[in-house]
Structures are given as structure tokens and as C-alpha cells.
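Architecture and fold: a report
One-letter residues, chain by chain:
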Amino acid sequence: MAETQPASADERTEPVVRVTTLELFFDLVFVFTVTQQTAVLADHVSLTSAARVVLLLGVTLWMYGGYLWLTNAVAPTSRARRFLILVGMGGFLSMALAVPEAFDDDGWVFGLGYFVVNAIHSGLFIVSGGPGAARGMVHLAPANFTSATLVLAGGFLPGAWRWGFWITAFAVQVISTLLRPIGEFRLSPAHFVERHGLVLIVALGESVVAIGVGASGLDLDPLLIVVASLGLTIAYLLWWTYFAGDDNAAEEALAAADPRRRTRIAIRAYVYAYYFLLLGIVVVAAGIKKATQYTDGHLKPSYALLLAGGLAIFLLGDVAFRRSLRIGTVRFRLAGALLAPATIPLGTVSTILQLTGVVVLILAMLILELRYETRHAVTRSTSIYDVS
């Protein structure tokens, strides 16, 4: 059962709802779709594979976000709700299993799973979400139903038709939040931020899994251990980039926002910006997987691009995340994103050299940012002291 604590003064009278174990279980199923996206990209490094990942991750993340908003408003405390959440998990599992062949023979499985996921989400929200959520779903449910129908129908269509239907579905999802009022939804900042943080941690774990998958069947020699250690360090530094303050500051920012503006801010930060954070993790994980297979040599330019491009996408997503919530500084992370492609030539010379370059780049970014923020915090404290 969700744990409810007394609300803080900043949250007015809104309860602080914590994440349940069922929600975490749900997240594990969702992240399997992320794992499948990484496999698709790593197994066939091409523009077509990249486009497939961009599109499938987009439509999948939209409905996952819908379930996160759902359980933020409707705690899975009854047997009926838990059963329906379980059915939704089954839909996500079907989608994940279909991802590798979603643009070939298994498109209908992906589409059917997606439609089931959407139907359960809309139904639960309208029936159990309360008056505000019901009013909000009146505006969003038609768009969600339209996009789910397009995904379902596209799964039965061939070639370019499938691409066209699924791209249209993604466009409908993005545009729906821009054109429709969504202020009726209320959210608990603590639960909302914690849930997104947990799914990001599980997704980062995919980078670690990628090391093991890439090393499967290879001789465990010193070079492989070095490459694996560098890959783990990159995953850790991505964790540090987000969790060394962003999650706490984000919760405070959402709690301080006017409830009528909070949902709009949350969509910018946790839908649009978060898409790029997760996409960056997918691409970096694919790059790490490839790196473990070329420990004693160099990477193809396309493989080196995965590492550098994934880092750039992640950092740009984090910049957008911080700007949406007006937290922290962004100049060093923006610089890191712009400098990430400079590591590509290193990879074409040596796999270990590029991995080391990526580690050094992220470390330098974080250290310079920390020194800058510490210096400015001291300056502000001194100014306040002088005035008093």
C-alpha cells in the first residue's frame, strides 16, 4: 500500500505519496523495452535502426509516462487496480518482445499490446482518478485513443504505411499536450520525482547489462576487464550527472510551483526532456556493448558515434530538464554535449582511448560545474552576511 506522509508547507495540503513495490515491478517491465531498443541499435548500427529506436521509444515512453501519472493519482491499493496494472504490464511485455521485429512480422503484436495498455490506462484514470483527472482525460483520452488506434492499425500494414501511421501516432501524442488544457491533473511531487528517478536508475543498469552481453563468449583478459571497468565508470558518471542534486532540486521546484502550472512544468521536464535522457542511455549502452567486442583494437566510426552521440543526447536532455525546472547551471553540461563528438576520432584509433576520453570529459564537466556552483554559493552567502 502507498505510504502517505504529512504534507509540507510548500505542498499546501497535498499528501506525499511514495512509490510502491508494484510500481517498481511495473518499471522493470517497461525498461525491458529499453533493453530491446539497445539490442536493436547495437545489432544493426544504421540510420534505419536509429530511426526505429527514436520512434518506438517515443510512443512507448508516452504510454509509460501515462501509467506513471496514473499511479501518481490512483494508488494501486485494491485488487482490481492491481489486476488491471498487471494486465497493462502484460501489454508492455508484449510490446517489448515485439520490438526487434516490430517493423517486420511482429508489428501487429506491438500494436495490439499498445492498444491494450492505452485502454487500461484511460479506463482506470477516468473511473478512479477523481474529478480533476476525469476532466483532464476528457481532453487527452481522444488523442490517446487516436494514437493507439494508429499504432494498432499500422502494425497490420506494410512498409511505408506502417512508418507513416506510427509517425502520425507519435505526432498526435506530442501535439495533444500542446493544444489541450492539462491543469486539471494534480500530482504529488515526491512520488513523481522518485518514480522517474527509479526508472532512470533501472535504465542506467541497462548500460551495465550491455557490458555483460557484449562480453559474452569472450576471453576474460586484462583488456576486457579495463574496457568493462571504463564502461561501468561511464554509467556511474551518467548517474552522478543526474542524481548529484537534480532529483532533490526537481522535487523542491515542483512542490513550490503553483498546482495549476505544475503539470505543464512536469510535462516539459519529465516527458520532453526525459525522452532525450532515456534515448541517450539507450545509445550509450549500445556503444558500450560494441566497445566490449573491440577491446584490443579500434571502433568503426559508427560505433564510436554511438558512445559520443549517446553522451551528447543525454547531456542535452539534462540541459532541457534543468531549464524546464529552473534548477542548477547548464553551461558546463551544454559544453560537454558539444565536446562529446570530439571523442569520435579517439575511438577510431583505440577503443580504450575513446572510453577514457569520455570518462575524462564527464569528470571535467562535473568538477568544473561543482567548483563554479560552490564559488557562487559562497559569494551569495557572503553577500547576505554583509547585508545583515
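The structure this text deals with has already been given above.
Residues numbered from 1 in each chain as written. Predicted model: local features only at pLDDT ≥ 70, side-chain atom pairs only at ≥ 80, totals over all residues. Heavy atoms only, no water.

With that settled, the discussion passes to a nonpolar patch on the surface. On the surface, F83, L84, L86, V87, W108, L112, V116 and F156 cluster together into a nonpolar patch covering about 730 Å² of accessible area. When residues of the nonpolar patch are traced back to their parent elements, those giving at least two are α3 (79-98) and α4 (107-128). Sorting elements by how many residues they give to the nonpolar patch places α3 first, with four residues. Here V87 lies in helix α3. (Patch = residues over 30% accessible without salt bridge, like charges linked within 9 Å, V, L, I, M, F, W, Y side chains within 5 Å. Areas by Shrake-Rupley, 256 points an atom, 1.4 Å probe, with all protein chains shown as cover. Salt bridge = Lys/Arg side-chain N within 4 Å of Asp/Glu carboxyl O. Helix = DSSP H or I, 4+ residues; strand = E, 2+ residues; numbered from the N terminus.)

Let us now look at the packing of helix α2 (residues 47-73) against helix α10 (residues 259-291). Relative to each other, α2 and α10 sit at 135 degrees, their axes nearing to 10 Å. As far as their axial angle goes, α10 and α2 are oblique. The element α2 and its partner α10 pack so that their crossing is right-handed. Only T263, A266, I267, V271, Y274, Y275, L278, L279 and V282 of α10 make contact with α2, whose side of the interface consists of V53, V54, L57, G58, L61, W62 and W69. (Axes fitted to C-alpha atoms, helices over the stretch in contact; angles between N-to-C directions. Parallel < 35°, antiparallel > 145°, perpendicular 65-115°, else oblique. Left-handed = near helix turned anticlockwise from the far one by under 90°. Contact = heavy atoms within 4.5 Å.)

Let us now look at the nonpolar core. Judged by nonpolar contacts, the single largest core of 103 residues is most densely connected at F30, Y67, F92, F110, Y270, F321 and L325. Apart from residues no more than four positions distant in its own chain, F30 is found in contact with T60, L61, Y64, F92, V199 and L278. (Core = buried A, V, L, I, M, F, W, Y, C linked by side-chain atoms within 4.5 Å. Buried < 20%, exposed > 50% of the residue type's maximum accessible area, 1.4 Å probe, protein only.)

A word on the environment of G58. Secondary-structure assignment places G58 in helix α2. Once the C-alpha coordinates of G58 and Y275 are considered, the two residues, 217 residues apart in sequence, prove to be 7.0 Å apart. Those residues in contact with G58, other than ones at most four positions away along the chain, are V53, F170, Q173 and Y275.

We now examine empty space enclosed by the protein. Considering all chains together, one arrives at four cavities of 30 Å³ or more under this definition. Reported here for the second largest cavity is a volume of approximately 40 Å³. Lining the second largest cavity are L61, G65, W69, H196, Y270 and V271. Where the lining of the second largest cavity is concerned, the elements lending two or more residues are α2 and α10. Of the residues forming the lining of the second largest cavity, the biggest block, three residues, is contributed by α2. Of the residues in the lining of the second largest cavity, the class split is four nonpolar, two polar and no charged. (1 Å grid on protein atoms, 1.4 Å probe; cavity = no way out; pocket = protein on both sides within 12 Å on 5 of 7 lines; lining within 4 Å. Points joined across faces, edges and corners; volume = space filled by probe spheres on them. Nonpolar A, V, L, I, M, F, W, Y, C, P; charged D, E, K, R; others polar.)

Let's shift gears to the packing of helix α8 (residues 222-243) against α10. Relative to each other, α8 and α10 sit at 170 degrees, their axes nearing to 10 Å. It follows from the interaxial angle that α8 and α10 lie roughly antiparallel. Contacts between α8 and α10 involve V227, G231, I234, L238 and Y242 from the former and Y270, Y274, L277, V284, I288 and A291 from the latter. Its residues placed into classes, the contact of α8 with α10 shows ten nonpolar, one polar and no charged.

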